[in-house]
Amino acid sequence: MSTHQSTASSTLPALRFEHVAQQGEARAGVLHTRRGPIETPVFMPVGTAGTVKGIRFEQLERELDARIILGNTYHLWLRPGIETIRACGGLHRFIGWERAMLTDSGGFQVWSLGALRKISEEGTEFRSHVDGSLQFLSPEVSMEVQAALGSEIVMVFDECVPGEATYEEAQKSMQLTARWARRSRDTFDRLQAARADTGYVEARNLSGSQALFGIVQGASHLDLRRASLEQTVEIGFDGYAIGGLSVGEEKSVMFEVIDDVVPQMPPDQPRYLMGVGTPEDLVEAVARGIDMFDCVLPTRNGRTGQAFTSRGKLNIKNAQWTRDTRPLDDQCGCSVCQKHSRAYLRHLYLTGEMLASILITHHNLAFFLDTMRGVRQSIRSGEFPKFRREFTERLNTSGE
Ligand SMILES: [Zn+2]
């Protein structure tokens, strides 16, 4: 029986992307993972160090119905370390989240360390932000860490360049990313064969193994982006991400890259725009054919008192909310908006109560996830252009 299963599972994919509806470039689908289906387009809350900051997993799961969250390889590798996570049965068991997870490769985080890191053909040497120790991250190390974490979707180890990088810099970096993608693929396949993945689960019509996504780089240079996509598709992955956007370039540049690259991407596989963005960025990128997003904005801004609402951003510190009994967003059905006023949230924030961050983070995540729910429904019912127009008009009507 087990022989039969392993023979069958070796021919099955790790993920299956079911394309359900399309309007223009915008598409709605279902991403079938070993830990359940994920309707797309989807927003993935960021769980940096084994926690989506400021919210309990029960609420993310039961109230907000998040189907997938993101974990950061760099942070978890440095602390608590993969030996600890392995000993605790992988990341899902360690943190108490049973649904799907995507892990980044750590490439972006070490790149963000700036002067603290040194990049070579072999990998990146850097000083740990935790204790200053010298560390080395490479495609091989990143794949080993992500196998130990046991996420459903693993990202290749890539190199990023700033949005304003010169052609030569961007070209050199993009070529290095392609060589690292090949090394990531080889190590990943070897680790899957060795069953190093701590998250393995039997799943209907799927292999139960991890999936691996490639990343398209090339900064703002469209011909480099196209070359990067070709090289990445040639290696072959379960999905494709666009990396290196939202790193300081103009927003028009970001959409120019997306407009150019997305139509060239394989139509039958998921497309992930990394690290983007505001609610309006999400809706605009969906209109251009993107299926998956992650961003720290709802959680980070939740901790600094900024709420995202259907009428734009709202800063809870403002004196104008002192006696305002309205919720953050009267269009929002979340439990915070059902119960609490702007006046109360402002009071909590000004007195330094941790509940302020918790409640605003909760609302922000609800708003991002609800927005994507609305996007999906409108694509399925053929009303996405109307949804997009009304969403944008409402956002621009002022924060009150
Ligand atoms: Zn709300």
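Notes on the structure follow. Since the model is a prediction, treat every value here as computed from it, not as a measurement.

**A closer look at the overall build of the protein**
- Secondary structure summary: the protein contains 16 helices and 16 strands in total.
- For the C-alpha atoms alone, the extent of the protein along its principal axes is close to 65 × 50 × 45 Å.
- Expressed as a percentage of its 400 residues, the buried residues of the protein come to 56%.
- Taking all contacts inside the protein whose residues are at least 6 apart in sequence as the whole, residues at least 24 apart take part in 69%.
- Element-wise, carbon and sulfur atoms account for 48% of the exposed surface of the protein, whose accessible area totals about 16900 Å².
- Measuring between centres, the 45 positive side-chain charges of the protein sit 5 Å from its 50 negative side-chain charges.

**Concerning the side chain of Ser151**
- Within the secondary structure layout, Ser151 lies in the loop between helix H7 (139-149) and strand E10 (153-155).
- Classification of Ser151 by relative accessible area gives buried; the value is 1%.
- Contacts of Ser151, omitting those with residues within four sequence positions, involve Arg34, His92, Met101, Leu102, Thr103, Gln146 and Gln210.

**Concerning the packing of helix H15 (residues 354-380) against helix H16 (residues 384-395)**
- Here H15 crosses H16 at 145°, and the two axes come no closer than 7 Å. Contacts between H15 and H16 pair Phe367, Thr371, Gly374, Val375, Ser378 and Ile379 from the former with Phe384, Phe387 and Phe391 from the latter.

**Some remarks on the coordination of the zinc ion**
- At the metal site, the zinc ion is ligated by Cys332 (SG), Cys334 (SG), Cys337 (SG) and His363 (ND1), and these contacts range over 2.1 to 2.3 Å.
- Coordination geometry of the zinc ion: the four donor atoms subtend angles of 97 to 122° at the metal centre, consistent with an arrangement described as tetrahedral.
- Between consecutive donor residues of the zinc ion, the sequence gaps follow C-x1-C-x2-C-x25-H. Of this pair, Cys334 sits in the loop between strand E16 (312-315) and helix H13 (335-339) while His363 sits in helix H15, and the two are 29 residues apart along the sequence. Here the two residues Cys334 and His363 agree in accessibility, since each one is buried.

**Points about the environment of Phe237**
- Following the sequence through the fold, Phe237 ends up in the loop between helix H9 (222-235) and strand E12 (239-242).
- C-alpha separation for the pair Phe237 and Asn318, spaced 81 residues apart in sequence, amounts to 48 Å.
- Setting aside chain neighbours within four positions, we find Phe237 in contact with Val156, Ala181, Arg185, Leu212, Phe213, Gly214, Thr232 and Gln269.

**Comments concerning the nonpolar core**
- One finds Leu60 and Tyr272 to be the most contacted residues of the largest nonpolar core, which totals 112 residues.
- With sequence-adjacent residues up to four places away left out, Tyr272 is seen in contact with Met44, Leu70, Leu102, Met155, Phe213, Tyr240, Ala241, Ile242, Met292, Phe293 and Asp294.
- Judged by nonpolar contacts, the second largest core, of six residues, contains Val161, Ala165, Ala170 and Ala219.

**Structural notes on the packing of helix H10 (residues 251-261) against helix H11 (residues 279-287)**
- Where H10 contacts H11, the two axes come as close as 10 Å, and the packing angle between them is 25°. In this view, H10 runs roughly parallel relative to H11, as classed from their interaxial angle. With respect to the hand of their crossing, H10 and H11 are arranged in right-handed fashion. Note on element contacts: H11 touches H10 through Asp281, Glu284 and Ala285, opposite Lys251, Met254 and Phe255.
- Its residues assigned to classes, the contact of H10 with H11 shows three nonpolar, no polar and three charged.

**Examining the pattern of salt bridges**
- Under the counting rule described, the total for this entry stands at 24 salt bridges.
- A salt bridge links Asp324 to Arg342, with the shortest nitrogen-to-oxygen separation between them at 4.0 Å. Taken together, the residues span a long stretch of sequence, with Asp324 in the loop between E16 and H13 and Arg342 in helix H14 (residues 342-350) at a distance of 18 residues.
- With relative accessibility at 12%, the residue Asp324 sits in the buried group.

**Considerations on H15**
- The end-to-end C-alpha separation of H15 is 39 Å, in line with the 39 Å expected for 27 residues at 1.5 Å each.
- For H15, the tally of buried residues reaches 20 of 27 residues, placing the bulk of the element in the interior.

**Notes on the state of the cysteines**
- All chains considered together, the criterion is met by zero disulfides.
- Not part of a disulfide, Cys160 finds its nearest cysteine sulfur in Cys295, a span of 14 Å.

**Overview of the environment of Gly89**
- With respect to the secondary-structure elements, Gly89 resides in the loop between helix H4 (82-87) and helix H5 (91-95).
- On the basis of relative accessible area, Gly89 is assigned to the partly exposed category, the value being 26%.
- Residues Gly89 and Thr198, 109 residues apart in the sequence, show an inter-C-alpha distance of 6.6 Å.

**Let's talk about the sheet that holds strand E3 (residues 36-40)**
- Reading across the sheet, the three strands line up as E1-E2-E3 and stay open at both edges, with antiparallel pairing between neighbours. Of all strands in the sheet, those with a lone pairing partner are strand E1 (16-23) and E3, marking the two edges. Pairwise comparison of adjacent strand axes, ignoring direction, gives a mean angle of 15° for this sheet.
- Note that strand E2 (residues 26-33) and E3 share five bridges and pair antiparallel. Residue pairing across strands places His32 opposite Pro37, the latter belonging to E3.

**A few points about the sheet that holds E10**
- Read around the closed barrel, the eight strands follow the order E4-E5-E6-E10-E11-E12-E13-E14; overall the barrel is parallel. The average angle at which neighbouring strand axes cross in this sheet is 30°, direction not considered.
- Taken together, the four bridges between strand E4 (residues 42-47) and strand E14 (residues 292-295) define a ladder with parallel strand orientation. Each bridged residue has a counterpart across the sheet, and for Met44 the counterpart in E14 is Asp294.
- Its contacts with the sheet put H15 on E4 and E14, and the angle it makes with E4 is roughly 160°.

Cut-offs and rules
- Residues numbered from 1 in each chain as written.
- Predicted model: local features only at pLDDT ≥ 70, side-chain atom pairs only at ≥ 80, totals over all residues.
- Heavy atoms only, no water.
- Helix = DSSP H or I, 4+ residues; strand = E, 2+ residues; numbered from the N terminus.
- Buried < 20%, exposed > 50% of the residue type's maximum accessible area, 1.4 Å probe, protein only.
- Contact = heavy atoms within 4.5 Å.
- Areas by Shrake-Rupley, 256 points an atom, 1.4 Å probe, with all protein chains shown as cover.
- Lys, Arg positive; Asp, Glu negative; His and termini not counted.
- Charge placed at Lys NZ, Arg CZ, Asp CG, Glu CD.
- Axes fitted to C-alpha atoms, helices over the stretch in contact; angles between N-to-C directions.
- Donors = N, O, S within 2.8 Å, 3.2 Å for Na, K, Ca; no water.
- Tetrahedral: all angles 85-135°; square planar, octahedral: opposite > 155°, others 65-115°.
- Core = buried A, V, L, I, M, F, W, Y, C linked by side-chain atoms within 4.5 Å.
- Parallel < 35°, antiparallel > 145°, perpendicular 65-115°, else oblique.
- Left-handed = near helix turned anticlockwise from the far one by under 90°.
- Nonpolar A, V, L, I, M, F, W, Y, C, P; charged D, E, K, R; others polar.
- Salt bridge = Lys/Arg side-chain N within 4 Å of Asp/Glu carboxyl O.
- Expected span 1.5 Å × (residues − 1).
- Disulfide = S-S within 2.5 Å.
- Pairing = 2+ DSSP bridges.

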